[in-house]
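# Structural overview
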Amino acid sequence: MIDAPFQHYRATVIADWVDFNGHMNVAYYVLAFDRGTDALFDALGIGTAYLRETNHSIFALQTHIAYERELRLGDPLSVRSTILAIDRKRVHLFQEMFHGDQGWRAASFESMGIHVDMSQRRSAPFPRDLQASLAAAAARHAALPRPAGIGRSIAMPA
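Residues numbered from 1 in each chain as written. Predicted model: local features only at pLDDT ≥ 70, side-chain atom pairs only at ≥ 80, totals over all residues. Heavy atoms only, no water.

### Concerning the environment of L77
Note the threshold: Secondary structure elements are taken from DSSP: a helix is a run of H or I of four residues or more, a strand is a run of E of two residues or more, and numbering for both begins at the N terminus. Accessible area is worked out with a 1.4 Å probe on protein chains only. A residue is then buried under 20% of its type maximum, exposed over 50%, and partly exposed in between. Should any heavy atoms of two residues lie within 4.5 Å, those residues are considered in contact.
Mapped onto the elements of the fold, L77 is located in strand β3 (residues 76–86). By relative accessible area, which is 1% here, L77 ends up buried. Distance from L77 to D101, taken between C-alpha atoms, is 7.8 Å for residues 24 residues apart in sequence. The contact partners of L77, leaving out residues within four places of it in the chain, are Y9, R10, A11, V13, W17, M24, A32, L71, M97, F98 and G100.

### Re the packing of aromatic side chains
The criterion, for reference: Note on aromatic pairs: the rings of Phe, Tyr and Trp (six-membered ring only in Trp) are paired at centre separations within 6.5 Å, and the planes decide the class, stacked below 30 degrees, edge-to-face beyond 60, tilted for the rest.
Inspection of every chain in the model, using the stated rule, returns 3 aromatic pairs. Seen in terms of ring centroids, W17 and Y28 are 5.7 Å apart; in terms of plane orientation they differ by 10 degrees. Their pairing is stacked. With a gap of 11 residues between them, W17 in the loop between β1 (6–12) and α1 (26–44) and Y28 in helix α1 connect regions that are remote in the sequence. For Y28, a relative accessible area of 27% gives the class partly exposed.

### Comments concerning the pattern of salt bridges
Under the convention used in this document: A pair is scored as a salt bridge if a Lys or Arg side-chain nitrogen falls within 4 Å of a carboxyl oxygen belonging to Asp or Glu.
Taken as a whole, this structure holds 5 salt bridges when the rule is applied. The partner of R152 in a salt bridge is E68, and the shortest N-O contact between them spans 3.8 Å. You can see R152 sitting in the segment after α3 (128–142) and its partner E68 sitting in the loop between β2 (56–67) and β3, a full 84 residues away along the chain. According to the relative accessible area criterion, E68 is partly exposed, its value standing at 35%. The partner of R80 in a salt bridge is E96, with the nearest N and O atoms 3.9 Å apart.

### Side note on α1
Where we set the bar: An expected span of 1.5 Å times one less than the residue number is assigned to each helix. Nitrogen and oxygen atoms within 3.5 Å of one another constitute a polar contact, given that in protein one can donate a hydrogen and the other can accept it, and given that sequence-neighbouring residues count only through two side-chain atoms.
The terminal C-alpha atoms of α1, which comprises 19 residues, lie 27 Å apart, in line with the 27 Å expected from a rise of 1.5 Å per residue. Every buried residue of α1 is listed here: Y29, A32, F33, G36, T37, L40, F41 and L44. Where α1 begins, one side-chain oxygen reaches toward the backbone nitrogen of A27, 2.9 Å away; that side chain belongs to N25. Note on α1: the residue one or two positions beyond its end, G45, has a positive phi of about 85 degrees.

### Side note on a nonpolar patch on the surface
As a reminder of what qualifies: Grouping into patches uses exposed residues only, defined as over 30% relative accessible area, and leaves out salt-bridged ones; the cut-off is 9 Å for like charges and 5 Å for nonpolar side chains (Val, Leu, Ile, Met, Phe, Trp, Tyr). Areas reported here follow the Shrake-Rupley algorithm with a probe of radius 1.4 Å; residue values treat only the protein chains shown as occluding.
Nonpolar side chains collect at one region of the surface, where V26, V30 and Y67 lie side by side and expose about 250 Å² of accessible area between them. For V26, a relative accessible area of 47% puts it in the partly exposed group.

### Topic: unusual backbone geometry
Residue P5 follows A4 across a cis peptide bond; omega there is -5 degrees. Structurally, P5 is set in the segment before β1. The residue N55 is not glycine, and still its phi comes out positive at about 60 degrees. Of note, N55 is situated in the loop between α2 (48–54) and β2. Here N55 falls in the partly exposed class, since its relative accessible area comes to 36%. The phi dihedral of R121 is positive, around 55 degrees, even though this residue is not glycine. Following the sequence through the fold, R121 ends up in the loop between β5 (105–117) and β6 (122–123).

Here it is, written out as structure tokens:
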């Protein structure tokens with residue numbers, strides 16, 4: 001059974017990730033969140049080995065990122081993943097990026113992914129045995145306090 005929450009990806013901001021503003025560029029926040037997703041999916045049994053063995057994968061359908069505090073060159077970071085929901089075909093995640101030493105939240109990332117049959121490149125239900133194990137992982141995460149920021153949208157203030 002996976003950890004609840006799941007926090008196994010850690011990195012350090014490197015020079016290539018820093019932009020002209022002197023902080024981590026938006027693209028590398030997405031990269032770090034994606035690597036956190038990869039670690040979670042590997043632990044859930046739907047990662048790279050699953051693709052090789054079954055020719056099925058997960059594609060991103062939608063994402064939303066909120067930048068809260070700057071990360072700068074040399075800063076350690078960690079990504080915490082919380083499973084919000086899993087159904088027959090979809091995985092809904094909320095991830096938070098924290099400063100690795102000081103513990104403050106730098107960003108959040110909400111995503112929806114879909115299970116895909118790679119031979120057809122079309123959505124397909126998870127196999128029944130996998131649905132059961134994913135549901136069990138989601139149930140463990142459902143008991144966690146809900147992180148702030150779930151379901152945000154972008155709009156100008158009224």
